[in-house]
2 protein chains.
Amino acid sequence: MSEQVSSEKIHLPKTSESEDLKKIRHTTSHVMAMAVQKLFPKAQVTIGPWIENGFYYDFDTPDAFSDKDLKTIKKEMIKIINRKLPVTREEVTREDAKARISAQNEPYKLEILEGLVEPITLYHLGDQWWDLCAGPHVENTGDLDPKAIELESVAGAYWRGDETKAQLQRIYGTAWQTSEQLDEYKRRKEEALRRDHRKIGKEMGLFIFSDLVGPGLPLWTPKGTLLRSILEDYLKKEQTKRGYLPVVTPHIARVDLFKQSGHWQKYSEDMFPMMAESQEEKEKEIGFVMKPMNCPFHIQIYKSDLRSYRELPMRLAEFGTVYRYEQSGELGGLTRVRGFTVDDSHLFITPEQLDEEFFNVVELTLSVFKSLQLSNFRARLSFRDPANPSKYLGSDEAWEKAQNAIRNGVTKLEMPNFEGIGEAAFYGPKLDFIFQDALEREWQLGTVQVDYQLPDRFDLEYVAEDGTRKRPVMLHRAPFGSLERLIGILIEEYAGDFPTWLAPVQIRLLPVGDDFVQFAKDTAAKMQLLGIRAEVDLGGDRLGKLIRNAEKDKIPVMAVVGAKEIESNSLSIRTRAEGELGSLEIATVIDRLVNANNTNGNF
Amino acid sequence: MSEQVSSEKIHLPKTSESEDLKKIRHTTSHVMAMAVQKLFPKAQVTIGPWIENGFYYDFDTPDAFSDKDLKTIKKEMIKIINRKLPVTREEVTREDAKARISAQNEPYKLEILEGLVEPITLYHLGDQWWDLCAGPHVENTGDLDPKAIELESVAGAYWRGDETKAQLQRIYGTAWQTSEQLDEYKRRKEEALRRDHRKIGKEMGLFIFSDLVGPGLPLWTPKGTLLRSILEDYLKKEQTKRGYLPVVTPHIARVDLFKQSGHWQKYSEDMFPMMAESQEEKEKEIGFVMKPMNCPFHIQIYKSDLRSYRELPMRLAEFGTVYRYEQSGELGGLTRVRGFTVDDSHLFITPEQLDEEFFNVVELTLSVFKSLQLSNFRARLSFRDPANPSKYLGSDEAWEKAQNAIRNGVTKLEMPNFEGIGEAAFYGPKLDFIFQDALEREWQLGTVQVDYQLPDRFDLEYVAEDGTRKRPVMLHRAPFGSLERLIGILIEEYAGDFPTWLAPVQIRLLPVGDDFVQFAKDTAAKMQLLGIRAEVDLGGDRLGKLIRNAEKDKIPVMAVVGAKEIESNSLSIRTRAEGELGSLEIATVIDRLVNANNTNGNF
């Protein structure tokens, strides 16, 4: 059975989107702090902001909070809510604030006060408790719904996030407008855990990590490698149809290459350290570095010959593995890694070809998303900020032209979109595809960038129809973005139940006894010849176990083989998506699988 | 027309193989030195050894030798030969030698003398000239054949190869037993230049190098990338048939991985410098390095789960790009590079499976060579030196077993072979495939190694049938060796005329006028659907030019399209190998091309 998200879709607003939630979460964090100080008089308060799905508060306290403490604190909070204390705002002078804080012996508040600008405001919960706060808040603690509040976890934190300063206890909580929202939030949290691609990836045996190899560097097992090739082969086919030309380039280059491209000046923080034979070489910046991007390499191929307008658009494409030196604390699973494969292409085009080529790239990207069965996405048009022209390189005219090309392409394709003013790269505007998953989490997938800058830096040319030398424009594009990240997102989105055409194993034949093994093997071999990824369970288990194993391995189609099936040249089919389908002729099963493969669809 | 090597095969012995050639070349170098000193009295002699195909002599002289000088020197040499001077050996004391050299004012000879051990021998040319030399020599200068001698080139060299010492002039020459040998040698030299894969690779547009990227790091153009994929896809298919499992692993790892594998201790000189954030990290050897080999990565995948004997042999395969820090002076074209892709596989097997798996690996390798149409190779069995057992790790029994597996496999397959005693790796014996090309040059292609050592270092295990934990054996193997090197060798061997199944473009349709372009395009499209790499020349040139261009691009099959052809639904075929074939039905042409692809053959 395919895993379904709750059928009645409840939208969960983010704090940043809802003034009401801001008020609720601000007040709930104050209520929690008041409860903590009542129960733990030695606890000193520090900061307690709202966050995307709730709030937290950091305390300096000699006692570590336990899960049991959280329950006690929650009970105390309910009491405070039920007392319906009015929440009142008071504006005070800095001196007054200082005097009052000093009287309470709250050194952190004093430090916070120093950083505040006037007017300085306090918020009171009745006459029992107050905190420095800019608000906003609900009017009365009775406006909070205890059934919409949950204290979630405790974690250590440092004052000001600085490891050399005091260690604090942070309590995370969440608060919503209604208990239904809280329930939905909790359901999604559980669902996210269940769908965690690190967990599913391990269960399905797709990739591993190794301490000896290092964090953020996945190793792909045979099954995961198969999944990668299915994706790569699919995109290669689509690209070949559209006139892309595959190339292969090294994973390293001399620093000089990245100086000329500008990556060294702008991007070296994100690059792996240089490979230098000596300290002197290091200082002189003579040495090799791993590539964080493929563009300058493709440019070298373009530049290796004098190009004619007849050769343009030249669409060089590579599944290029790049390496970026993410901080090891930021690494987790496949969605943030140190080495990843970009389905990269660089299109070298004449300025006149911009509109058409941009449109074609977007069309390809949309067709890719459709095949991947991802439908819920928007286009972010990342444009320059017209109020700040000095931030960008290139003429007004070029920018207008490029931004119009993006806007026209998106309009023509009727894509849901929004403009991100000021979010362009310094060398050109771009279009980012933002995908929202089943749990309303947003992921950035593919990107298309228009670039007038690198052609200048590398002095690229082509011979125009009139014989003059002209400067080409470059498009950078990657529909998948990163193969690793895409696979992580797909696992979470499908909860491991890949569409049939993508599943590493598409059908597993389950012979219910030794007598039926040969028939199952022959049938699987027949399927394999047609490009179907079929396998036979040779475990010799009883039917119940065979099916349970196939369900656990998330095989889309299970085919039971027994005496009845052999006699009728058919298979008893059970699918993950629809359960028992009964007996189907082998030819029909094959047709449906071949069709799934040909149409990027399901069984 | 296919390029043919001279039909009457003359074998050219190497100096190291022929006592006669040693004598001839030693004496010729003395004759040359005598001639030089006669013509250039200020020239001081240094050393003048034989080399593989001839000899050289280094002189300290104020004048740079010109090509014209070489002619004059050669004339003088002929005079010396024609004088039939006896070559006589004299044994002298060190003091005597010193006195005689000092009298001649030859400071280099004096330095050479210091390094010599007794007995010290001089060789005289008549009573005119002598040199310190250990011989051997011919008996009389008249034994040399002036028609079998050639002075080839002049180059700069340093005394003792040391840049801080005096700069010398080196004259290269060659000398043979007969003028026929010299002619053959000259023909091969020309032929080697003509076949030079760097030249042909550039002409065919297969790969480029970029100064900004760095030496030894080829970038593959669309056409070269196509050639790579044809080779990769071919081998992948063969490997899938034989139960290999593809994996993908990163290009870098922490130093720790290579410490455990032993590469860091044994191999770090050949690795790119470490990527370390600081000098401290560098000293502590905390950091990342580029992989020089794929084995430890595949081992991590093996080790990521407890393996059962049922899973063995486990054949993990990867087209893994590795990086080795060859000295930049050693880099040239594709045959010695700093980054290359190994068609790598590591087989994890039970000790009992060794014979069969080794045999299967050799069988696969031979089938690969057959498809590549390379037939002239021998197997070198690189075994341990039984006189020096301490050089090797592992028990006598394991070595005997491994060496027998290699010997048996080679015998069973009736491969020409020779034993290289003492040439095993310290961790196990290996089999190297030595290919001899059309010019009698030898290249090492694929390798198979038996390894008991890495399974120990990584403490690899499997659960045996009896439930105990046992140690697997590893086979390392790569039929291509390196994709880059293989392509370099193939280009030279075929002189760019790839077998039809390998050619990036297999057939070019040549419409002889605008009216025939559409038919040519339709025919090419029909061919492309069947996997034939067909293209149409849209240049609009006249037939002669169209054919010349296709010949230059070394397209195996050219198909002329005109009115007559369209009417009869046929093509006028001309091949590189056989010239004009006349008119063939389109269906026949397609059949022959599909057949070439299916059988790894020719049109």
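Residues numbered from 1 in each chain as written. Chains lettered and ligands numbered in written order. Predicted model: local features only at pLDDT ≥ 70, side-chain atom pairs only at ≥ 80, totals over all residues. Heavy atoms only, no water.

### Thoughts on the relation of the copies chain A and chain B
Selection rule: To superpose the copies, least squares is applied to the C-alpha atoms of every residue with a pLDDT of at least 70 in both. We call two residues in contact whenever any of their non-hydrogen atoms come within 4.5 Å of each other.
Rotating chain A by 180° and moving it 0.1 Å along the rotation axis overlays it on chain B with an RMSD of 0.2 Å. Those values place the two copies in the arrangement expected of a two-fold rotation axis. In terms of proximity to the rotation axis, the leading residue of chain A is methionine 275 of chain A, whose C-alpha is 2.7 Å off the axis. When the interface residues of chain A are mapped onto chain B, 100% of them again fall at the interface, so both copies present the same face.

### Quick word on the packing of helix H1 (residues 19-39) of chain B against helix H2 (residues 67-82) of chain B
Residue and element names in this part refer to chain B. Quick reminder of the rule: Angles run from 0 to 180 degrees between N-to-C directions of axes, and those axes are lines fitted to C-alpha atoms, restricted for helices to the stretch in contact. Helix and strand definitions follow DSSP, with helices as H or I runs of at least four residues and strands as E runs of at least two, each counted in order from the N terminus. By definition, any crossing whose near helix is turned counterclockwise from its far helix by less than a right angle is left-handed, and any crossing with a clockwise turn is right-handed. Polar here means any residue other than Ala, Val, Leu, Ile, Met, Phe, Trp, Tyr, Cys and Pro, which are nonpolar, and Asp, Glu, Lys and Arg, which are charged; Gly is therefore polar.
At a minimum axis separation of 9 Å, H1 and H2 run at an interaxial angle of 115°. As for how H1 packs across H2, the hand of that crossing is right-handed. For the pair H1 and H2, the contacting residues are Thr28, Val31, Met32, Met34, Ala35, Val36, Lys38 and Leu39 in the first and Thr72, Ile73, Glu76, Met77, Ile80 and Ile81 in the second. Partitioning the contact of H1 with H2 into residue classes produces ten nonpolar, two polar and two charged.

### Comments concerning the interface of chain A and chain B
The condition is simple: Once two parts are brought into contact, the accessible area they lose, counted with a 1.4 Å probe and summed over both, makes up the buried area. We define a salt bridge as a contact between a side-chain nitrogen of Lys or Arg and a carboxyl oxygen of Asp or Glu at a distance within 4 Å. By the criterion applied in these results, polar contacts are pairs of N or O atoms within 3.5 Å in which, for protein atoms, one can donate a hydrogen and the other can accept it, and in which residues neighboring in sequence qualify only through two side-chain atoms.
Facing the 48 residues of chain A at the interface are 48 residues of chain B. When chain A packs against chain B, close to 3900 Å² is buried across both sides, 70% of that on carbon and sulfur atoms. Of all residues in chain A, Leu212, Val248 and Met275 of chain A give up the largest surface area on contact with chain B, accounting jointly for 16% of the area buried on that side. If you look at where chain A meets chain B, you find zero salt bridges. Applying the counting criterion to the chain A and chain B interface returns 19 residue pairs in polar contact (both at pLDDT 80 or more). Of the residues belonging to the side of chain A that touches chain B, the class tally is 30 nonpolar, eleven polar and seven charged.

### As for the side chain of arginine 170 of chain A
Residue and element names in this part refer to chain A. Heads up, the rule is: Think of it in three bands: with a 1.4 Å probe and only protein chains considered, a residue is buried below 20% of the maximum accessible area for its type, exposed above 50%, and partly exposed in between.
Within the secondary structure layout, arginine 170 lies in strand E8 (residues 167-175). On the accessibility criterion, arginine 170 (16% relative accessible area) is buried. Side-chain polar atoms of arginine 170 contact the side chain of aspartate 58, separated by 2.7 Å. When residues no more than four places from it in sequence are discounted, the contact partners of arginine 170 are Tyr56, Tyr57, Asp58, Ser153, Val154, Ala155 and Ala157.

### Some points on the confidence of the model for chain A
Residue and element names in this part refer to chain A. Formally: The predictor attaches a confidence to each residue, called pLDDT, with possible values from 0 through 100.
Overall, the prediction assigns chain A a mean pLDDT of 91, with 98% of residues at 70 or greater. Of the regions scoring below 50 in pLDDT, residues 1-7 engages in 18 contacts with residues more than four places distant in sequence or in other chains. Model confidence for the complex: the whole-complex pTM is 0.88, and ipTM, which rates the interface, is 0.88.

### What to know about the sheet that holds strand E5 (residues 120-125) of chain A
All names here are of chain A. Heads up, the rule is: Any two strands with at least two DSSP-identified bridges between them are counted as paired.
Here three strands make up an open sheet; going across it, the order is E4-E5-E6 and the pairing antiparallel. Here the strands that pair on one side only, and so sit at the sheet edges, are strand E4 (87-92) and strand E6 (129-132). Strand-to-strand twist in this sheet, taken as the mean axis angle between neighbours without regard to direction, amounts to 25°. Two strands pair when backbone bridges link them, and E4 and E5 are joined in this way by six bridges, in the antiparallel orientation. Within E5, the position partnered with glutamate 91 by the bridge is threonine 121. Contacts from helix H3 (residues 94-104) reach E4, E5 and E6, with the element oriented near 120° to E4. Together, E5 and E6 form the strand contacts of helix H4 (residues 107-115), whose direction differs from that of E6 by roughly 40°.

### A short note on the nonpolar core
This is how the line gets drawn: The set of buried Ala, Val, Leu, Ile, Met, Phe, Trp, Tyr and Cys residues whose side-chain atoms join them within 4.5 Å is what this entry labels a nonpolar core.
By size, the foremost hydrophobic cluster in this structure holds 76 residues, and its most contacted members are Ile252, Met290 and Phe348 of chain A together with Ile252, Met290 and Phe348 of chain B. Discounting residues that sit within four places of it in the chain, methionine 290 of chain A has contacts with His251, Ile252, Met271, Phe272, Met275 and Tyr323 of chain A together with Ile252, Met275 and Met290 of chain B.

### Focus: unusual backbone geometry
Backbone torsion omega between leucine 312 of chain A and proline 313 of chain A reads -5°, so that peptide bond is classified as cis. Within the fold, proline 313 of chain A resides in the loop between helix H11 (295-302) and strand E14 (314-323). Notably, aspartate 459 of chain A is not glycine yet its phi reads approximately 50°, a positive angle. With respect to the secondary-structure elements, aspartate 459 of chain A resides in the loop between helix H14 (453-457) and strand E20 (462-463). Unlike most non-glycine residues, asparagine 600 of chain B shows phi in positive territory, near 50°. Structurally, the position occupied by asparagine 600 of chain B is in the segment after helix H19 (586-599).

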